[in-house]
Amino acid sequence: MRALVVYESMFGNTEEIARAIGEGIEASMRADVVEVGAAPDTVPADVTLLVVGGPTHAFSMSWPTTRRDAGQRATTLVSRGRGIREWLGSLPAATADTAATTFDTRVTSRVTGSAARAASHRLDRLGYHLTAAFTSFRVTDVAGPLVDGEVDRARDWGRALGAEVAARRPSRPSS
């Protein structure tokens, strides 16, 4: 069994959450945490859990224009190329019964929208088995930092995801 955590991050907050989720998953199975620019074009056959996350921009997943705007606020960006929107848009339909879920980072507000919700809909349309509801992790401002306790909450969420998938799925051979 193996998990693949694919993330997009502008200022490093979403990357920190993705790495914490991966650490939590590691309690049950191997987890590879990959920035979306380095993510594979297809989900490998031995992946039993796919977790996709990104920052919420303009009420949803980022666009090239919102990433460009974020780049004007930062001296260095984590994700410089494609975002999860483009990655999911080019991902082929699921060929195995792979469990999947999504997460995002966003500012605490009633009107911020959710990149995770949009990504979850994309994964569902691609035929992935949505194993858990999407989850949002909070940042104090557009560029962060994360709200206190969110990294621990992400690690706990990852631990629960890994345990749930490991309990329900037989091990597949590694490729």
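From a predicted model like this one, the values you see are computed outputs, not experimental measurements.

K.L.:
Please set out helix α4 (residues 115–125) residue by residue, giving values where relevant.
P.N.:
Buried within α4 we find A115, A116, A118, A119, S120 and L123. Elements that come into contact with the buried residues of α4 comprise β3 (47–55), α3 (84–90), β4 (99–107), β5 (129–130) and β6 (135–139). Sitting at the amino-terminal end of α4 is S114, which places a side-chain oxygen 3.3 Å from the backbone nitrogen of A116.

K.L.:
So, the packing of aromatic side chains: which residues are in play, and what are the values?
P.N.:
This model, assessed by the stated rule, comprises two aromatic pairs. Both rings, one in F103 and one in F137, keep their centres 6.2 Å apart while their planes meet at 75 degrees; by these two values the pair is edge-to-face. On the criterion of sequence distance, the pair formed by F103 in strand β4 and F137 in strand β6 is long-range, its members being 34 residues apart. Like F137, F103 is buried. Measuring from centroid to centroid gives 6.0 Å for F137 and W157, while their planes differ by 65 degrees, and the two rings are edge-to-face. Here W157 lies in helix α5 (residues 150–168) and F137 lies in strand β6, a separation of 20 residues in the sequence.

K.L.:
I'd love a proper account of the pattern of salt bridges, names of residues and values included.
P.N.:
Per the stated rule, a full pass over the model turns up 11 salt bridges. Across the pair R153 and E150 runs a salt bridge whose closest N-O atoms are separated by 2.9 Å. Separated by three residues within a single helix, R153 and E150 lie in helix α5, roughly one turn from each other. Taking the relative accessible area as the measure of exposure, R153 reaches 34% and is therefore partly exposed.

K.L.:
I'd like a description of the pairing of strand β2 (residues 30–35), backed by residues and values.
P.N.:
With six bridges connecting them, strand β1 (residues 2–7) and β2 associate as parallel partners. Considered in β2, the bridge of Y7 is made with E35. Taken together, β1, helix α1 (residues 13–25) and β2 constitute a β-α-β crossover, and its handedness is right-handed.

K.L.:
Describe the pairing of β6, and please don't skip the residues or the numbers.
P.N.:
The buried fraction of β6 is high, at four of five residues. Bridge analysis of β4 against β6 gives five bridges, and the strand direction is parallel. Pairing of V107 across the sheet is with V139, part of β6.

Calculation criteria
- Residues numbered from 1 in each chain as written.
- Predicted model: local features only at pLDDT ≥ 70, side-chain atom pairs only at ≥ 80, totals over all residues.
- Heavy atoms only, no water.
- Buried < 20%, exposed > 50% of the residue type's maximum accessible area, 1.4 Å probe, protein only.
- Helix = DSSP H or I, 4+ residues; strand = E, 2+ residues; numbered from the N terminus.
- Contact = heavy atoms within 4.5 Å.
- Polar contact = N/O pair within 3.5 Å; in protein donor to acceptor, adjacent residues only side chain to side chain.
- Phe/Tyr/Trp six-rings, centres within 6.5 Å; stacked < 30°, edge-to-face > 60°.
- Salt bridge = Lys/Arg side-chain N within 4 Å of Asp/Glu carboxyl O.
- Pairing = 2+ DSSP bridges.
- Right-handed = clockwise from strand over helix to strand, strands pointing away.

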